[in-house]
Amino acid sequence: MKKQQRFKKIRNAFVILTAALVLIYIGIEPYFQKRVGNTTVYELILFAVCLAVLVLVFVYNSKYGKLEERYEDLRLKCEDAGYYFTSREEKDIPSFLGTVEADLRYMGYKTEKDITVSDLPAELSAYKKNEFFYAVSTDRLERSDIIAYVDAVMNDVTVVNLKRKGECVILFVCNEGDGEALKLSKDIYRVSTSRNSRVVFTPAIAELETGRVYFPGNRISRAQKMIVNFVMNCDFPIKEEYIGKEKLSFQLEAEKELI
């Protein structure tokens, strides 16, 4: 990670320096030509410098492109709050889901209760244009639950319902969330359906015993607003009183990778 960051700084420095040289040359070229006459040699040198920088950028992207994406994803996870709070007062799963479903219907979403998603039971689905919302419940949420339902919902949205773009929230309502499950609460899953279209799936965990909501809270998106509005029952942007002050253990561990 450190080597990649050093390489990135070198790449950025050369790109900025080359851009500055090109702009300077364009500005002084008429006067320079009057003084020295033929400027072909200098133009070839400048072209060679630009070509070398393009090669440097290509090498960086081919070697560190995926690592750069992982670094940015890791940085956002570490900067995010560990958890948020819901303003809903319902402490049992049926009542909580009932108020969520009522608010979705009020805002114009078409809802359906007690459904099956790729052979897995789910309590609720809702959609409006390119916004999709699924809710499932369990007493104790485990990592395997999230993995199974994310795959199931991906298949339901993109294969069964043939949706080619949009954002989807997958809400897990539980009384208690396992530590390994909470690690997945900051992940975002993207499915590219074509060159210019994709569906983004964002998990959210509502832990009713603590009133906490776990999700990628610092990534501005329609899914984030759906979670804030329907799960937290709050206005957007999120007020300080609904933002947890503690980091999750995996966030603290991940911060070490960024140093």
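Note that residues are indexed from 1 along each chain, following the sequence as it is written. Totals for whole chains, interfaces and linings use all residues, but because this is a predicted model, local features are given only for residues with pLDDT of at least 70 and pairs of side-chain atoms are given and counted only at 80 or more. Hydrogen atoms and water are omitted, and side-chain values are computed over all heavy atoms in the structure.

Enquirer: Can you walk me through the nonpolar core in this structure?
Expert: Residues Leu 104, Phe 133, Leu 171, Val 173, Phe 215, Val 231 and Met 232 are the most contacted members of the largest nonpolar core, which totals 30 residues. Helix and strand assignments come from DSSP, with helices taken as H or I runs of at least 4 residues and strands as E runs of at least 2, each series counted from the N terminus. Of all the secondary structure elements, the ones that give two or more residues to this core are helix 3 (93–106), strand 3 (120–128), strand 4 (131–141), strand 5 (166–177), strand 7 (198–207) and helix 6 (222–231). Per element, the largest residue contribution to this core is 6 residues, and it comes from helix 6. The contact partners of Val 173, leaving out residues within four places of it in the chain, are Ile 93, Phe 96, Leu 97, Val 136, Ser 137, Thr 138, Ala 206 and Leu 208. In terms of nonpolar packing, the next biggest core, distinct from the first, is built from 28 residues, Tyr 134, Leu 141, Cys 168 and Phe 201 among them. We define the nonpolar core as a collection of buried residues of types Ala, Val, Leu, Ile, Met, Phe, Trp, Tyr and Cys that are connected through side-chain atoms lying within 4.5 Å of one another. Remark: exposure states derive from per-residue accessible area (1.4 Å probe, protein chains only) relative to the maximum for the residue type, with buried under 20%, exposed over 50%, and partly exposed in between. Contacts: residue pairs with any heavy atoms within 4.5 Å of one another.

Enquirer: Looking at this model, I keep getting lost on the packing of aromatic side chains. Mind explaining?
Expert: For any two aromatic rings, the description comes down to two numbers: the centre-to-centre distance and the angle of the planes. Two rings belonging to Phe, Tyr or Trp (six-membered ring only in the last case) form a pair when the distance between their centres is within 6.5 Å. Interplanar angles under 30 degrees mark stacking, angles over 60 mark edge-to-face geometry, and anything in between is tilted. Under the criterion given, the structure shown has 6 aromatic pairs. Taking the centre distance of 5.4 Å and the plane angle of 85° together, the rings of Tyr 83 and Phe 85 count as edge-to-face. Residue classification places Tyr 83 among the buried residues on the basis of a relative accessible area of 5%. The side chain of Arg 212 reaches across the aromatic face of Tyr 83, ending 3.8 Å from its centre. Each ring is checked for a lysine NZ or an arginine CZ that lies within 6 Å of its centre and within 35 degrees of its normal; such an atom marks a charge sitting over the ring.

Enquirer: Help me understand helix 3 in this model?
Expert: For an α-helix the count is 3.6 residues per turn, leaving residues at separations of three or four pointing the same way. Expected helix span is taken as 1.5 Å per residue step, with the number of steps being one fewer than the number of residues. In this model, helix 3 (14 residues) spans 20 Å end to end at C-alpha, consistent with the 20 Å of a helix rising 1.5 Å per residue. Within the sequence span of helix 3, burial applies to Ile 93, Phe 96, Leu 97, Thr 99, Val 100, Glu 101 and Leu 104. On the buried face of helix 3, the contacting elements are strand 2 (110–117), strand 3, strand 4, strand 5, strand 7 and helix 6. Of the residues one or two after helix 3, Gly 108 is the one with positive phi, at around 95°.

Enquirer: Mind showing me how you'd approach a nonpolar patch on the surface here?
Expert: A contiguous nonpolar patch, built from Phe 47, Leu 51, Leu 54, Val 55, Phe 58 and Val 59 and spanning about 610 Å² of accessible area, is present on the exposed surface. Of note, Phe 47 is situated in helix 2 (residues 40–79). Residues with no salt bridge and a relative accessible area higher than 30% make up the patches, which join like charges within 9 Å and nonpolar side chains (Val, Leu, Ile, Met, Phe, Trp, Tyr) within 5 Å. We get accessible surface area from the Shrake-Rupley algorithm with a probe of 1.4 Å; when it comes to residues, only the shown protein chains can shield them. The rule for a salt bridge is simple: a side-chain nitrogen of Lys or Arg has to be within 4 Å of a carboxyl oxygen of Asp or Glu.

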